[in-house]
Amino acid sequence: DLNYFKKTAAKTYVAVDALLGLGANNAYPARAVFQEIIDIINGCANIISIDGPTGVDMDSGLPYLARAVKAKETYALGFMKKGLILPHSAQYAGKLTVLDIFSDVARDAK
């Protein structure tokens, strides 16, 4: 129910964006409901994106939707995605941090 989501988001201090994954891009157009959700998320005061802002292509750093999430911070999982470090993507990604999620897996595999 998007109306409930809008009311809840209006009271939210931090919104965590993990809506669409790394492979989402123009080749796989998202449904219209995702654009509505992105618009609601962008109305929040503080937005944190996981791995990359929804609506931004992680190779080009360009939006593949009419409007992409504009995060204050983005936590890239495992490694920095090329599209996040391009100058024009800064308006979407905000402050960048890489979360090392692979070191424990590699250590445990030995």
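Residues numbered from 1 in each chain as written. Predicted model: local features only at pLDDT ≥ 70, side-chain atom pairs only at ≥ 80, totals over all residues. Heavy atoms only, no water.

(A) Region of the structure containing the sheet that holds strand 1 (residues 14-17). With parallel pairing, four strands are arranged side by side in an open sheet as 1-2-3-4. A strand with exactly one partner marks an edge of an open sheet, and here the two such strands are strand 1 and strand 4 (95-99). When the angles between neighbouring strand axes are averaged without regard to direction, this sheet yields 20°. Examined bridge by bridge, strand 1 and strand 2 (residues 46-50) share four bridges and lie parallel to one another. Residue pairing in the sheet places V14 in a bridge with N46 of strand 2. (Pairing = 2+ DSSP bridges. Helix = DSSP H or I, 4+ residues; strand = E, 2+ residues; numbered from the N terminus. Axes fitted to C-alpha atoms, helices over the stretch in contact; angles between N-to-C directions.)

(B) Expanded view of the packing of aromatic side chains. Summed over all chains, the structure comprises zero aromatic pairs. The cationic tip of K81 hangs over the ring face of F79; the distance from NZ or CZ to the ring centre is 4.1 Å. (Phe/Tyr/Trp six-rings, centres within 6.5 Å; stacked < 30°, edge-to-face > 60°. Lys NZ or Arg CZ within 6 Å of the ring centre and 35° of its normal.)

(C) Representation of the packing of helix 1 (residues 2-10) against helix 2 (residues 32-42) in the model. Put simply, helix 1 and helix 2 touch, their axes get as near as 10 Å, and they point 20° apart. With respect to their mutual orientation, helix 1 and helix 2 come out roughly parallel. As for how helix 1 packs across helix 2, the hand of that crossing is right-handed. Seen from helix 1, the contacting residues are L2, F5, K6 and A9; seen from helix 2, they are V33, E36, I37, I40 and I41. Taken together, the residues of the contact of helix 1 with helix 2 break down into seven nonpolar, no polar and two charged. (Parallel < 35°, antiparallel > 145°, perpendicular 65-115°, else oblique. Left-handed = near helix turned anticlockwise from the far one by under 90°. Contact = heavy atoms within 4.5 Å. Nonpolar A, V, L, I, M, F, W, Y, C, P; charged D, E, K, R; others polar.)

(D) Representation of helix 2 within the structure. Within helix 2, burial applies to F34, Q35, I37, I38, I40 and I41. Where helix 2 is buried, its residues meet helix 1, strand 1 and strand 2. (Buried < 20%, exposed > 50% of the residue type's maximum accessible area, 1.4 Å probe, protein only.)

(E) The environment of R31, seen in detail. Here R31 is to be found in the loop between strand 1 and helix 2. Using a relative accessible area of 59% as the deciding quantity, one classes R31 as exposed. On a C-alpha basis, the gap between R31 and L65 in space is 9.9 Å, while along the polypeptide they are 34 residues apart.

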